[in-house]
Amino acid sequence: MSLAPKYAIVTGAASGMGRCYAFQLAEKGYGVLLVDINGEAVKELSCQLASRYSVPAHYMCLDLTLPDAACQIADRCKEEGWQVEVLVNNAGILIAQPIEEANPDKLYRIVTLHCTTPLLLCRLLIPLMKEQGCGYILNISSISAGMDWPLIGVYGSTKRFVKGYSRELSLELSGSPVSVTTAIFGAVDTPLLTGLPFMRFRKLALRLGFMITPEKATHLALKAMFKRKAKLYPCLSDRLVTMLSPLMPNFVLRFMGKRVRLQQPK
């Protein structure tokens, strides 16, 4: 048997849930490749993981919205001879404003970051995972994929694409040594949600279970991934919202959108 460590790739690893994934995978003994646009933070994290868990910890300071970002990651793995067993497509951003007011560059970045680069990473790494006989892919969707919530419609639309191609991949890979798990998250207490109106009720939401910590969310997601489950709803409330959201009439959504805009800071 080969004694070479298995590797896990985590995108958006420098903060939030990405950081939690990195710690938990390193604790399991995986060598890690941490990818983030924040070079200083991801470098510091790689040093922490190598010191604490005595695993190979490498990093790439990379803008994942670049056209060749996925190729750069795959090429690095091939050049180093790493056996990548886990891919966590975690990196994400949130635009909370009407489409007509959004910066065009931000619109391009969110679509590329959530859709194009993760899809290409799956395409490039799945053949390698099949060849080595084992692979786990974790893609991150959202309950907002169930409908276009006011002011975060672009975010929800990208997460709907993630949910769709992840299911297709899961079906295509049935019977193979590679599995794809989709984590369908609701509210997770991370910096991504900072500034949204409902964050005023953060402590209450955590207490009632409508929001969960990033540590719990990532633990549940990795647990489902290693069990090769096709999808995960971390909370019962996430499943209920996903089921009921499409039934909400447009006039209610318009009212909600106006209320949210009124509550946003000037």
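Residues numbered from 1 in each chain as written. Predicted model: local features only at pLDDT ≥ 70, side-chain atom pairs only at ≥ 80, totals over all residues. Heavy atoms only, no water.

What follows is about the overall build of the protein chain. Looking only at helices and strands, the protein chain features 9 helices and 9 strands. Looking at the protein chain residue by residue over its 266 residues, the buried ones come to 48%. Taking the intrachain contacts of the protein chain between residues at least 6 apart in sequence as the baseline, contacts between residues at least 24 apart amount to 71%. Roughly 13,600 Å² of accessible area belongs to the protein chain as shown, and the carbon and sulfur atoms make up 58% of that amount. (Helix = DSSP H or I, 4+ residues; strand = E, 2+ residues; numbered from the N terminus. Buried < 20%, exposed > 50% of the residue type's maximum accessible area, 1.4 Å probe, protein only. Contact = heavy atoms within 4.5 Å. Areas by Shrake-Rupley, 256 points an atom, 1.4 Å probe, with all protein chains shown as cover.)

When their charged atoms lie close together, side chains carrying opposite charge are able to pair. One pass over the full model with this rule turns up 2 salt bridges. For Asp63, the salt bridge identified is with Arg109, shortest N-O distance 3.2 Å. In this pair, Asp63 is assigned in the loop between β3 (57-61) and α3 (69-80) and Arg109 in helix α4 (residues 104-132), connecting sequence segments 46 residues apart. Given the relative accessible area of 24%, Arg109 is considered partly exposed. The residue Glu80 makes a salt bridge to Arg76 at a minimum N-O spacing of 3.5 Å. Pair noted here: Glu80 and Arg76 are both in helix α3, with a separation of 4 residues, about one helical turn. We classify Glu80 as partly exposed; its relative accessible area is 43%. (Salt bridge = Lys/Arg side-chain N within 4 Å of Asp/Glu carboxyl O.)

The next subject is the nonpolar core. Within the largest apolar cluster, 34 residues are counted, with the highest numbers of intra-cluster contacts made by Tyr21, Leu25, Leu34, Leu49, Val86, Leu138 and Phe185. No other element matches helix α1 (residues 16-27), which puts 6 residues into this core. Setting aside residues no more than four positions away along its own chain, Leu49 makes contact with Ala22, Phe23, Ala26, Val32, Leu34, Ser54, Val55 and Ala57. Val84, Leu113, Ile126 and Val180 belong to the second-largest nonpolar core, a separate cluster that totals 29 residues. (Core = buried A, V, L, I, M, F, W, Y, C linked by side-chain atoms within 4.5 Å.)

Position of Trp82 relative to the elements: it lies in the loop between α3 and β4 (83-89). Expressed as a C-alpha distance, the spacing of Trp82 and Leu33, which sit 49 residues apart in the sequence, is 9.7 Å. If we skip the residues at most four places from it in the chain, Trp82 touches Tyr7, Leu33, His58, Arg76 and Cys77.

In this section: the packing of aromatic side chains. If you walk through the whole model with that rule in mind, you get 5 aromatic pairs. Note on Tyr7 and Trp82: the rings are 4.8 Å apart at their centroids and 20° apart in plane angle, and the pair reads as stacked. On the criterion of sequence distance, the pair formed by Tyr7 in strand β1 (residues 6-11) and Trp82 in the loop between α3 and β4 is long-range, its members being 75 residues apart. Residue Tyr7 shares its accessibility class with Trp82, and that shared class is buried. Summarising the aromatic geometry, the rings of Tyr136 and Phe226 are spaced 5.0 Å apart at their centres and angled 70° between planes, so their arrangement reads as edge-to-face. Pair noted here: Tyr136 is in strand β5 (residues 135-142) and Phe226 is in helix α7 (residues 214-226), with a separation of 90 residues, a long-range link. Assessed through its relative accessible area of 24%, Phe226 is described here as partly exposed. Following the ring pairs from residue to residue traces out a cluster consisting of Tyr30, Tyr136 and Phe226. (Phe/Tyr/Trp six-rings, centres within 6.5 Å; stacked < 30°, edge-to-face > 60°.)

Structurally, Thr112 can be placed in helix α4. The class for Thr112 is buried, based on a relative accessible area of 7%. Apart from the residues lying within four places of it in its own chain, the contact partners of Thr112 are Leu64, Thr65, Thr117 and Pro118.

Right, let's get into the sheet that holds strand β9 (residues 231-232). On the basis of which strands lie adjacent, the open sheet formed by 7 strands has the order β3-β2-β1-β4-β5-β6-β9 and parallel pairing. At either end of the open sheet lies a strand with only one pairing partner, and these are β3 and β9. Of the strand pairs in this sheet, strand β2 (residues 31-36) and β3 are connected by 5 bridges, and their pairing is parallel. The residue of β3 that forms the bridge with Val32 is Ala57. Each of β1, β2, β4, β5 and β6 (178-185) touches α1; the most contacted strand, β1, lies at about 170° to it. (Pairing = 2+ DSSP bridges. Axes fitted to C-alpha atoms, helices over the stretch in contact; angles between N-to-C directions.)

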